[in-house]
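Here is how the chains run, residue by residue.
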Amino acid sequence: AQKVTQAQTEISVVEKEDVTLDCVYETRDTTYYLFWYKQPPSGELVFLIRRNSFDEQNEISGRYSWNFQKSTSSFNFTITASQVVDSAVYFCALSGPSGTYKYIFGTGTRLKVLA
Amino acid sequence: GAVVSQHPSWVICKSGTSVKIECRSLDFQATTMFWYRQFPKQSLMLMATSNEGSKATYEQGVEKDKFLINHASLTLSTLTVTSAHPEDSSFYICSADRYQEYEQYFGPGTRLTVT
């Protein structure tokens with residue numbers, strides 16, 4: 001069975017601090033896809049990144065970076081120099097053939113960045 | 001590209017009435033459309049998956065007679081909440097994917113309040 005665990009329910013940081021959001025997944029598929037989405041208070045899901053299982057390169061996009069480690073089944077997300085606008089709920093998701101490519105979402109991590 | 005719209009963005013209806021939510025892929029043809037609901041401070045819960053011209057596939061525990069899904073074309077899916085009750089009040093989000101992309105594009109969501 002596929003599963004995504006985001007153990008951190010809520011994190012509070014002070015502006016300019018770095019913060020890492022954890023995502024651990026379970027799947028028996030060899031080919032699968034991992035995603036991160038941001039959900040601000042407006043509710044609309046904002047796509048952040050997609051990673052397929054064969055690409056273990058870490059990704060950096062501005063203040064955002066992702067660390068994909070198949071050995072530990074983790075796909076962690078780091079925000080460097082956090083800003084108040086980063087306050088949102090962040091979801092990690094997994095999809096793969098054993099789940100007919102339906103998304104399995106984690107429970108989300110609520111990030112509060114305090115000024 | 002890959003824009004998905006939802007209409008309405010919010011709706012208030014009286015208990016016992018039905019309400020229809022539209023989901024459209026604006027610049028692509030969707031192979032599959034998905035409907036989620038999200039309660040406050042919770043993750044997204046997949047309700048059903050629909051393909052154009054086929055009956056929707058509902059997740060376990062979702063009442064198919066209450067949540068009617070019609071996928072009339074490759075760009076339009078509708079969710080009708082029949083005989084709505086206050087407990088149906090929620091945030092409903094649709095998504096769509098393109099053939100063999102294994103990625104879902106999300107609509108902005110519809111906030112339903114049943115009084």
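So, a few notes on the structure that sits alongside this text. One numbering rule holds for all chains: residues counted from 1, following each sequence as written. Chains carry letters and ligands carry numbers; both start at the beginning, A for chains and 1 for ligands, and go up in the order they are written. Owing to the predicted nature of the model, reporting of local features is limited to residues with pLDDT of at least 70; listing and counting of side-chain atom pairs is limited to 80 or more, with chain, interface and lining totals taken over all residues. With hydrogens and water set aside, each side-chain value is computed from the structure's full complement of heavy atoms.

The subject of this paragraph is the interface of chain B and chain A. Any two residues whose heavy atoms approach within 4.5 Å are treated as being in contact. Each partner contributes residues to the interface: chain B has 20 residues there, and chain A has 19 residues. By definition, a salt bridge exists where a carboxyl oxygen of Asp or Glu is found within 4 Å of a side-chain nitrogen of Lys or Arg. A salt bridge links B:Glu103 to A:Arg50; the nearest nitrogen and oxygen atoms lie 3.3 Å apart. Whenever a nitrogen or oxygen atom comes within 3.5 Å of another N or O atom, the pair is scored as a polar contact, on the condition that within protein one atom can donate a hydrogen and the other can accept it, and that pairs from neighbouring residues in sequence are kept only if both atoms are in side chains. In this structure, the connection of chain B to chain A is made through seven residue pairs in polar contact (both at pLDDT 80 or more). Numbering of helices and strands runs from the N terminus; a helix is a DSSP stretch of H or I covering at least four residues, while a strand is a stretch of E covering at least two. Mapped onto the side of chain B that touches chain A, the elements with two or more residues apiece are strand S4 (32-38), strand S5 (45-51), strand S9 (90-97) and strand S10 (104-106) of chain B. For the side of chain B that touches chain A, the element with the most residues is S4(B), which contributes three residues. In the side of chain B that touches chain A, the residues fall into nine nonpolar, six polar and five charged. Three residue categories are used. Nonpolar comprises Ala, Val, Leu, Ile, Met, Phe, Trp, Tyr, Cys and Pro, charged comprises Asp, Glu, Lys and Arg, and polar comprises the others, including Gly.

Side-chain rings of Phe, Tyr and Trp (the six-membered ring for Trp) are treated as a pair once their centres are within 6.5 Å; stacked means planes under 30 degrees apart, edge-to-face means over 60, and tilted covers the remaining angles. For the structure shown, the criterion picks out 25 aromatic pairs over all chains. The rings of A:Phe35, A:Tyr37, A:Phe47, A:Phe91, A:Tyr103, A:Phe105, B:Tyr36 and B:Phe106 are connected pair by pair, giving a single aromatic cluster. Charge-over-ring contacts are defined here by two conditions on Lys NZ or Arg CZ: a distance within 6 Å of the ring centre and an angle within 35 degrees of the ring normal. Here the guanidinium or amino end of B:Arg98 rests over the ring plane of B:Phe28, the centre of that ring lying 5.3 Å away.

With that settled, the discussion passes to the sheet that holds strand S3 (residues 19-25) of chain B. Each strand in a sheet pairs with another by means of backbone hydrogen bonds, the pair being arranged parallel or else antiparallel. All names here are of chain B. DSSP bridges decide pairing: two strands pair if at least two such bridges lie between them. Strand order in the open sheet made by the four strands is S1-S3-S8-S7, with antiparallel pairing throughout. Whereas interior strands pair on both sides, the edge strands pair on one side only; in this sheet they are strand S1 (4-7) and strand S7 (67-73). Taken over all neighbouring pairs, the strand axes of this sheet differ in orientation by 15 degrees on average, direction set aside. The sheet contact formed by S3 and strand S8 (residues 76-81) spans six bridges and is antiparallel. Within the sheet, the bridge partner assigned to Val19 lies in S8 and is Val81. To obtain an axis, a line is fitted to C-alpha atoms, over the contacting stretch when the element is a helix, and the angle between two such axes runs from 0 to 180 degrees between their N-to-C directions.

A few words on the state of the cysteines. All names here are of chain B. Any two cysteine sulfur atoms lying within 2.5 Å of each other are counted as a disulfide. With the rule as written, the count across this model stands at two disulfides over all chains. One disulfide in the model links Cys23 with Cys94; its S-S distance is 2.0 Å. Taking the sign of the torsion about the S-S bond as the criterion, the disulfide between Cys23 and Cys94, at about 80 degrees, is right-handed. Remark: Cys94 occurs in strand S9 and Cys23 occurs in strand S3; sequence separation between them is 71 residues. You'll find Cys23 and Cys94 in the same group, each marked buried. With no disulfide of its own, Cys13 lies closest to Cys94 among cysteine sulfurs, the gap being 18 Å. Burial classification: accessible surface area is computed with a 1.4 Å probe over protein chains only, and a residue below 20% of its type maximum counts as buried, one above 50% as exposed, and the rest as partly exposed. Judged by its relative accessible area of 8%, Cys13 is buried.

Let's shift gears to the layout of surface pockets. If a probe the size of a water molecule is rolled over the atoms, the empty space left behind becomes visible. In the cavity and pocket records, a cavity denotes points on a 1 Å grid over the protein atoms alone where a 1.4 Å probe fits but cannot get out, a pocket denotes an open set with protein on both sides within 12 Å along at least 5 of 7 lines, and lining residues are residues with an atom within 4 Å of a point. Grid points are joined across faces, edges and corners, and a volume is the space filled by probe spheres set on the points. Volume-wise, the largest pocket comes out at about 570 Å³. In terms of lining residues, the largest pocket is bounded by 28 residues, among which A:Gln39, A:Val89, A:Arg110, B:Pro40 and B:Lys41 are the most central. Among the secondary structure elements, those contributing two or more residues to the lining of the largest pocket are strand S10 (88-95) and strand S12 (109-114) of chain A together with S9 and strand S11 (110-114) of chain B. Broken down by element, the lining of the largest pocket gets its largest block of residues, four residues, from S12(A).

To form a nonpolar core, buried Ala, Val, Leu, Ile, Met, Phe, Trp, Tyr and Cys residues must be joined to one another through side-chain atoms within 4.5 Å. In this structure, B:Phe67 and B:Leu112 are the most contacted members of the largest nonpolar core, which totals 27 residues. For this core, the secondary structure elements donating two or more residues are strand S2 (10-13), S3, S4, S5, S7, S8, S9 and S11 of chain B. Discounting chain neighbours no more than four positions away, the residues touching B:Leu112 are B:Val11, B:Cys13, B:Val19, B:Val81, B:Asp88, B:Ser89, B:Ser90 and B:Tyr92. In this structure, A:Tyr32, A:Leu34, A:Phe75 and A:Cys92 belong to the second largest nonpolar core, which totals 24 residues.

This next bit is on the environment of B:Ser95. Residue and element names in this part refer to chain B. Secondary-structure assignment places Ser95 in strand S9. Between the C-alpha atom of Ser95 and that of Ser77, which follows or precedes it by 18 residues, the distance is 9.8 Å. Those residues in contact with Ser95 that lie beyond four places of it in its chain are Cys23, Thr32, Met33, Phe34, Tyr36, Gln104, Tyr105 and Phe106. At a separation of 2.7 Å, a polar atom in the side chain of Ser95 contacts the side chain of Gln104.

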